[in-house]
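Take a look at the letters that make up each chain.
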Amino acid sequence: MNNSITQDNQNDNQISKTIKRFFARFHVTSALKTAGAYHKKGTPVTQIFQYLFLLIFSNRSMYMNLLSGRNTPAFAKDTVYRFMKSTQINWIRFTTILASRIIKDAVVPLNHADRENVLCIDDSMFERNRSRKVELLAKTYDHAKRAYKFGFRMLTLGWTDGSTFLPVNSILLSTDNKKNRVNEAVSLDKRTVGYKRRKLSMTKGTEAMLELLKAAKTVGIPAKYVLFDSWFSSPKSLHAVKNLGYEVIGMIKKTPKMFFRYNGEELSLIDIYKRNTKRRGRSRYLLSVDVEVIKDGEAIPARVVYVRNRNKRKEYLCLITTDTSLCEDEIIRLYGKRWDIEVFFKICKSYLRLSKEWNCLSFDAMTAHTAVVFTRYMMLSIENRESNDNRSLGELFLYFSDEMSDITWMQAFQMLLQMFRKLLEEHCDLVDEKIDELTDTFISTLPSLLQSQLVAV
């Protein structure tokens, strides 16, 4: 098979107007450059990233594009692999900068000043069950399916205002337990971004969470609260996030091993619940108490709200916040915004082929793939926010896929017209003006919609 990828058409012709506008409006090229993705010679990195970005909308992998000869760029496939395996590109910085620009330029100006913006932390399985040679592959417990699988925990930080969700950054977590790692990391210079990325992946999730929050804090992403579930809620995490300048609203485990200071005593949430009278009727919550979260002798005030479990009426859930000025209904309402990150995971896996589009063995390549998927979601999310229809993100994705297919079809039609002109030039004794006249006459007989599409492309 030919090792090079040929190009039959200009790259710009293969991109829809919406995608072009997204790249230009939010300066994707400068975000890549700031993250360390730039070329000294050869193909500009923007073209490579653009090609990776568009692959999902062509409904073909790079391999199938090579075989069919469609949607092929002007650079070799090895150029794509070298780009994805680069140890110099800081993908956390890239997605963080891009998300910050979208939030500040396109979302916040549309919101009321009183609307609360929040950051959400959660993880989801990044499965690689069919390969045992993936770098840093780990045996990981999938909490959704309650089974151990091979892959990574994709720890993700997202931003939402309750209407628009944008992924900010992420890290593929392997495990800090060497016994559960199938493969180790390759040897790299400790000064490279790739080495630091691998080191972060082998830390605990609560520690990696703080690094993601610090990256968001550095670029000034506007948010007052950080939301997370019980997996990340612990006195240590509450103190650490509070020290970064954020307030916390999270679900917290009802365990007899975790204590809070209540009325001068160290009690578990279960004991606090037993000592208090519950609210009757159909109230949204059963009990609300003020406590102190103690860590290394330092105490911070917090409020715990006991909420009915809708799935099991005889049980209750516990929400905790470090912002004691919030009323109980507001705590429950703000925590409800965390659901947006669950929708994000579903869209990425169902439509954007997260973890399935590329079967890379390199940890850098998997991280690059994740960043590309995040960028696609950002475009769909902002398009959904600014459009005047009620299409879901999934419907928008299918719309862009159809649009890309239409562009490819129109390019083929243009090629037929060019062949027709060439045939007239070679076999008919006609001047250029006459050939133009015949071509225009033929186009004028086409349906008006087809004519407008030909002009647009």
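This text follows the structure it describes.
Residues numbered from 1 in each chain as written. Predicted model: local features only at pLDDT ≥ 70, side-chain atom pairs only at ≥ 80, totals over all residues. Heavy atoms only, no water.

**As for the overall build of the protein**
The cut-off we apply is this: Working definition: helices are DSSP H or I runs of at least four residues, strands are E runs of at least two. Numbering for both runs from the N terminus. Only heavy atoms enter the contact rule, under which two residues are in contact if any of them lie within 4.5 Å. Under the convention used here, a 1.4 Å probe and the Shrake-Rupley method define accessible areas, while residue burial counts only the protein chains that appear.
Within the protein one finds 16 helices and 11 strands. Pairs at least 24 apart in sequence give 68% of the contacts found in the protein among residues at least 6 apart. As displayed, the protein offers around 23200 Å² of accessible surface, 49% of which is attributable to carbon and sulfur atoms.

**Here's the deal with the layout of surface pockets**
Basically, it comes down to this: Within this scheme a cavity is a closed region of a 1 Å grid, computed over the protein atoms alone, that accommodates a 1.4 Å probe without allowing it to escape, whereas a pocket is open but has protein on both sides within 12 Å along at least five of seven lines; lining residues each have an atom within 4 Å of a point. Grid points are joined across faces, edges and corners, and a volume is the space filled by probe spheres set on the points.
If you add up the space inside the largest pocket, you get close to 2000 Å³. As for the largest pocket, its lining consists of 47 residues, and the residues nearest its centre are Asp122, Asp229, Arg338, Trp339 and Glu342. Elements that contribute at least two residues to the lining of the largest pocket include exactly strand 1 (118–127), strand 2 (138–142), strand 10 (298–308), strand 11 (316–321), helix 11 (328–335) and helix 12 (339–350). Counted as a void, the second largest pocket has a volume near 670 Å³. Sorting the residues of the lining of the second largest pocket by element identifies strand 2, strand 3 (147–160), helix 8 (205–218) and helix 9 (235–243) as the ones contributing at least two each.

**Structural notes on the packing of aromatic side chains**
We count it as follows: Under the pairing criterion, centres of Phe, Tyr and Trp rings, with the six-membered ring standing for Trp, must be within 6.5 Å; the plane angle then separates stacked pairs below 30 degrees from edge-to-face pairs above 60, leaving the rest tilted. For every residue, the accessible area (1.4 Å probe, protein chains only) is compared with the maximum for its type, and the residue is labelled buried under 20%, exposed over 50%, or partly exposed between those bounds. The rule is short: NZ of Lys or CZ of Arg within 6 Å of the ring centre and within 35 degrees of the ring normal puts a charge over the ring.
Overall, the coordinates contain 23 aromatic pairs when judged by the stated rule. Ring geometry for Tyr141 against Tyr148: centres 5.1 Å apart, planes inclined by 65 degrees, an arrangement best described as edge-to-face. Owing to a relative accessible area of 55%, Tyr148 belongs among the exposed residues under this scheme. A connected cluster of aromatic rings, assembled from ring pairs, spans Phe22, Phe23, Phe26, Phe49, Phe53, Phe83, Trp91 and Phe94. Positioned above the aromatic ring of Tyr246 is the side chain of Lys217, whose terminal nitrogen or guanidinium carbon lies 4.6 Å from the ring centre.

**Comments concerning the environment of Tyr141**
Relative to the helices and strands, Tyr141 resides in strand 2. Its relative accessible area of 31% is what places Tyr141 among the partly exposed residues. In the structure, Tyr141 is positioned 12 residues away from Arg153 in sequence and 8.8 Å away in space, judged by C-alpha atoms. Apart from the residues lying within four places of it in its own chain, the contact partners of Tyr141 are Arg146, Ala147 and Tyr148.

**Observations regarding the environment of Tyr225**
Formally: Polar contact is the term for a pair of N or O atoms within 3.5 Å; when the atoms are in protein, one must be able to donate a hydrogen and the other to accept it, and sequence-neighboring residues count only if both atoms are side-chain atoms.
On the secondary structure map, Tyr225 appears in strand 5 (residues 225–228). Taking C-alpha positions, Tyr225 is 9.4 Å from Thr322, a pair spaced 97 residues apart along the chain. Not counting residues within four places of it along the chain, the set of residues in contact with Tyr225 comprises Glu116, Asn117, Val118, Leu119, Glu247, Ile249, Asp323, Leu326 and Leu334. There is a polar contact of 2.6 Å between the side chain of Tyr225 and the side chain of Asp323.

**Here we look at the packing of helix 8 against helix 9**
As a reminder of what qualifies: Here an axis means a line fitted to C-alpha atoms, over the contact stretch when the element is a helix, while the angle between two N-to-C directions is reported on a 0 to 180 degree scale. Each angle is binned into one of four classes, with values under 35 degrees roughly parallel, values over 145 roughly antiparallel, values of 65 to 115 roughly perpendicular, and all other values oblique. Two helices cross in a left-handed way if the nearer one is turned anticlockwise from the farther one by less than a right angle. They cross in a right-handed way if the turn is clockwise. Three classes are used, and their members are as follows: Ala, Val, Leu, Ile, Met, Phe, Trp, Tyr, Cys and Pro are nonpolar, Asp, Glu, Lys and Arg are charged, and the others, Gly among them, are polar.
Running from amino to carboxyl end, helix 8 crosses helix 9 at an angle of 10 degrees, the nearest separation of the two axes being 11 Å. The orientation of helix 8 with respect to helix 9, classified from their angle, is roughly parallel. Taken as a pair, helix 8 and helix 9 cross one another with a handedness that is right-handed. Seen from helix 8, the contacting residues are Thr206, Met209, Leu210 and Leu213; seen from helix 9, they are Ser237, Ala240 and Val241. When the residues that make up the contact of helix 8 with helix 9 are grouped by side-chain class, the tally is five nonpolar, two polar and no charged.

**Focus on the environment of Phe344**
Relative to the elements of secondary structure, Phe344 occurs in helix 12. The buried category is assigned to Phe344, whose relative accessible area is 0%. When the C-alpha positions of Phe344 and Phe374 are compared, they lie 9.5 Å apart, and in sequence the two are 30 residues distant. Apart from the residues lying within four places of it in its own chain, the contact partners of Phe344 are Thr156, Phe165, Pro167, Phe374 and Tyr377.

**Focus on the nonpolar core**
The nonpolar side chains of a soluble globular protein tend to be buried, and buried together. For the record, the criterion: Buried Ala, Val, Leu, Ile, Met, Phe, Trp, Tyr and Cys residues that are joined via side-chain atoms within 4.5 Å together make up what is termed a nonpolar core.
Judged by nonpolar contacts, the single largest core of 125 residues is most densely connected at Phe83, Ile102 and Tyr306. Here the element with the most residues in this core is helix 13 (residues 363–386); it accounts for 13 residues. Excluding residues that lie within four positions of it along the chain, Tyr306 makes contacts with Leu269, Ile272, Tyr273, Tyr285, Leu286, Leu287, Val289, Tyr316, Leu317 and Cys318.

**Considering the pattern of salt bridges**
Convention followed: Salt bridges are defined as contacts in which a side-chain nitrogen from Lys or Arg sits within 4 Å of a carboxyl oxygen from Asp or Glu.
Under the counting rule described, the total for this entry stands at 24 salt bridges. Residue Glu135 is joined to Arg198 by a salt bridge in which the shortest nitrogen-to-oxygen separation is 2.6 Å. Within this pair, whereas Glu135 is found in the loop between strand 1 and strand 2, its partner Arg198 is found in helix 7 (residues 193–201), the two being separated by 63 residues in sequence. On the basis of relative accessibility, which here comes to 6%, the residue Glu135 falls in the buried class. Taken together, the shared-partner salt bridges connect Glu127, Asp142, Lys145 and Lys149 into one network.

**Quick word on the pairing of strand 3**
Quick reminder of the rule: Whether two strands pair comes down to DSSP finding at least two bridges between them.
The buried fraction of strand 3 is high, at 11 of 14 residues. Sheet topology places strand 2 next to strand 3; five bridges connect them, and they run antiparallel. Across the sheet, the residue bridging to Lys139 is Phe150, located in strand 3. Hairpin geometry of strand 3 and strand 4 (residues 165–173) is characterised by an intervening segment of four residues between the two adjacent antiparallel strands and by a positive phi of about 95 degrees at Gly162.

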